[in-house]
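# A closer look at the structure
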Amino acid sequence: METDKTARTSGKGSGPGYETRDANVRGLVIFGLGMFATIALVFVLAASVFRYFAKSQSLGPPASPFADLRTLPPAPRLQVEPREDLEHLRARENEKLNGYGWVDPKAGIVRIPIDHAMDLLLRQGLPVRGETPAKK
């Protein structure tokens, strides 16, 4: 039968396989006091910064939930009504896509509705280049 000492030492290495001395209590206490002092110092500094800002920068009266406080940027305002501008832009683009018009009257280039252009493309097909002689 094995003794208690041989059971503890049987394993990897020659040591017993567990901590044989106690933790350094003095070091742990110093570390804990240092952490406590650091946290207390940070708390005092944060509280003093909050007090300083509360005295130097007043927030004014509380905002009313019923007030419309939308502040506009300083002039010149390039887009006063962006939603309306977007609606007008889309209307103009739809008019170009779905209407007839001249692109270049001198060259005889016209604009046709996109649906009509797709129908023409389906009927006539894409233009094909003629064969070019192979270069030697």
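Residues numbered from 1 in each chain as written. Predicted model: local features only at pLDDT ≥ 70, side-chain atom pairs only at ≥ 80, totals over all residues. Heavy atoms only, no water.

### Considerations on the overall build of the protein
The criterion, for reference: Here a strand is any run of E in DSSP of at least two residues, a helix any run of H or I of at least four, and the numbering for each starts at the N terminus. Only protein chains enter the accessibility calculation, which uses a 1.4 Å probe. A residue is then buried if its area is under 20% of the maximum for its type, exposed if over 50%, and partly exposed in between. Only the protein chains shown count as cover for residues, and the accessible areas themselves come from Shrake-Rupley with a 1.4 Å probe.
Secondary structure assignment for the protein yields four helices and two strands. Listing the helices and strands of the protein from first to last along the sequence gives α-α-α-β-β-α. Buried residues in the protein amount to 1% of all 136 residues. When the accessible area of the protein is evaluated, it comes to approximately 13,900 Å², of which 62% is carbon and sulfur surface.

### Details of the environment of Arg111
As a reminder, the rule being used: Under the rule applied, a polar contact is a pair of N or O atoms within 3.5 Å (in protein, one hydrogen donor and one hydrogen acceptor; residues adjacent in sequence only if both atoms are side-chain atoms).
Its place among the elements puts Arg111 in strand S2 (residues 109-111). On the basis of relative accessible area, Arg111 is assigned to the partly exposed category, the value being 27%. For Arg111 and Leu97, which are 14 residues apart along the polypeptide, the C-alpha to C-alpha distance reads 8.4 Å. Within the local environment of Arg111, its side chain forms a polar contact with the backbone oxygen of Lys96, the two atoms lying 3.3 Å apart.

### Side note on the confidence of the model for the protein
Segments scoring low in pLDDT should not have their predicted coordinates read at a detailed level. What counts, and what does not: pLDDT: the predictor's confidence for each residue, scored from 0 to 100.
Taken residue by residue, the protein gives an average pLDDT of 83. The fraction at 70 or more is 86%. Mean pLDDT values over the elements of the protein span from 50, in helix H1 (residues 4-9), up to 95, in helix H2 (residues 25-56).

### Comments concerning a negative patch on the surface
To keep things clear, this is the line we draw: What goes into a patch is any residue over 30% in relative accessible area without a salt bridge, connected to like charges within 9 Å or, for nonpolar side chains (Val, Leu, Ile, Met, Phe, Trp, Tyr), within 5 Å. Here a salt bridge means any side-chain nitrogen of Lys or Arg lying within 4 Å of a carboxyl oxygen belonging to Asp or Glu. Residues scored as positive are Lys and Arg, those scored as negative are Asp and Glu, and His as well as the terminal groups of each chain are ignored. Just so you know, the charge point we use is NZ for Lys, CZ for Arg, CG for Asp and CD for Glu.
A contiguous patch of negative charge on the surface is contributed by Glu81, Glu84, Asp85 and Glu87. Take Glu81: it is sitting in the loop between H2 and helix H3 (82-98). Under the relative-accessibility criterion, Glu81 is labelled partly exposed at 43%.

### Here we look at unusual backbone geometry
With the exception of glycine, most residues fall at negative phi, and the peptide bonds are largely trans. Between Ala75 and the following residue, Pro76, the backbone shows a cis peptide bond with an omega angle of 0°. With respect to the helices, strands and loops of the structure, Pro76 is situated in the loop between H2 and H3.

### Observations regarding a nonpolar patch on the surface
Taken together, the side chains of Val25, Val29 and Leu33 define a hydrophobic patch exposed on the protein surface, amounting to about 280 Å² of accessible area. Structurally, the position occupied by Val25 is in helix H2.

### As for the pairing of strand S1 (residues 101-104)
What counts, and what does not: Note on pairing: DSSP must find at least two bridges between two strands before they are called paired.
In this sheet, S2 lies alongside S1 in antiparallel orientation, the contact comprising three bridges. Bridge assignment links Asp104 to a residue of S2, and that residue is Ile109. In this antiparallel pair of consecutive strands, S1 and S2, the connection spans four residues, and Gly108 shows a positive phi of 75°.

### Examining the environment of Asp115
Residue position: Asp115 is located in helix H4 (residues 114-124). Along the backbone, Asp115 and Leu97 are 18 residues apart, and their C-alpha atoms lie at a distance of 8.6 Å.

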